[in-house]
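Descriptive structure summary
Each chain is listed here by its residues.
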Amino acid sequence: LARRLHGVDISWVVGLVVVEDACRTTAAQVARQVARGDTASARQAESNAPTGAKVSTTTSGGWVNVTVEVDRSLGRIGPVHLRGQARSPMEPGQT
């Protein structure tokens, strides 16, 4: 099995997919915890974001919106901008 695809190491490409999935997972976890009003758990979920990621949280119209973004590079390739987004409705009694 070839480990290179048009000069790109396949393991690096798989790594990008894993990091992007971590961004999506983190965004979903943070959104859910903020929607519940559990700030401690939201901070814990943020700590699971990929190294160097920026986590942005906004609320609007009864919804929590979370974006997790990070850039990755491999030598001359990159940076590749990776992003995960999630949205969760605020639970009753939360603002």
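Below you will find a few notes about this structure. Worth saying up front: this structure is predicted, and the values here are computed from it rather than measured. (Residues numbered from 1 in each chain as written. Predicted model: local features only at pLDDT ≥ 70, side-chain atom pairs only at ≥ 80, totals over all residues. Heavy atoms only, no water.)

Quick word on the pairing of strand S3 (residues 54-60)
Across seven bridges, S3 lies against strand S4 (residues 63-74) in antiparallel orientation. The partner of Thr-59 across the bridge, within S4, is Val-64. (Pairing = 2+ DSSP bridges. Helix = DSSP H or I, 4+ residues; strand = E, 2+ residues; numbered from the N terminus.)

A short note on the sheet that holds S4
Strand order in the open sheet made by the three strands is S3-S4-S5, with antiparallel pairing throughout. The open sheet terminates on both sides in strands that have one partner only, identified here as S3 and strand S5 (77-89). Sheet twist, expressed as the mean angle between neighbouring strand axes with direction ignored, is 15°. Across the sheet, helix H1 (residues 10-36) is in contact with S3, S4 and S5; its angle to S5 comes to roughly 25°. (Axes fitted to C-alpha atoms, helices over the stretch in contact; angles between N-to-C directions. Contact = heavy atoms within 4.5 Å.)

Brief notes about H1
Over its 27 residues, H1 runs 40 Å from end to end, which matches the ideal 39 Å to within 8%, given 1.5 Å per residue. After H1 finishes, the residue Gly-37 shows a positive phi value of roughly 85°. (Expected span 1.5 Å × (residues − 1).)

Some details on the environment of Val-34
Mapped onto the elements, Val-34 comes out in helix H1. Given a relative accessible area of 23%, Val-34 falls into the partly exposed group. The spacing of Val-34 and Glu-91 is 57 residues in sequence and 9.3 Å in space, taken between C-alpha atoms. Setting aside residues up to four positions removed in sequence, Val-34 forms contacts with Ala-42, Thr-57, Val-64 and Met-90. (Buried < 20%, exposed > 50% of the residue type's maximum accessible area, 1.4 Å probe, protein only.)

A few points about the nonpolar core
In terms of nonpolar packing, the biggest core is built from 17 residues, with Ala-27, Ala-31, Val-64, Val-66, Val-68, Val-70 and Leu-82 touching the most fellow members. Contributing elements (two or more residues each) for this core: H1, S4 and S5. The leading source of residues in this core is H1, at eight residues. Sequence-distant contacts of Val-64, that is, excluding residues within four places in its chain, are made with Ala-31, Val-34, Ala-35, Thr-57, Thr-58, Thr-59, Ala-86, Arg-87, Ser-88 and Met-90. (Core = buried A, V, L, I, M, F, W, Y, C linked by side-chain atoms within 4.5 Å.)

Some words on the pattern of salt bridges
Tallied over the entire structure, the rule returns three salt bridges. The partner of Glu-20 in a salt bridge is Arg-24, with the nearest N and O atoms 3.7 Å apart. With Glu-20 and Arg-24 both in helix H1, this residue pair falls four residues apart, about one helical turn. Overall, Glu-20 belongs to the partly exposed group, its relative accessible area being 28%. Across the pair Arg-32 and Glu-91 runs a salt bridge whose closest N-O atoms are separated by 2.4 Å. Here Arg-32, found in helix H1, pairs with Glu-91, found in the segment after S5; they are 59 residues apart in sequence, far enough to count as distant. Classification of Arg-32 by relative accessible area gives partly exposed; the value is 37%. Among the charged side chains, a salt-bridge network with shared partners connects Glu-20, Asp-21 and Arg-24. (Salt bridge = Lys/Arg side-chain N within 4 Å of Asp/Glu carboxyl O.)

Function-wise, these values are silent; they only describe arrangement.
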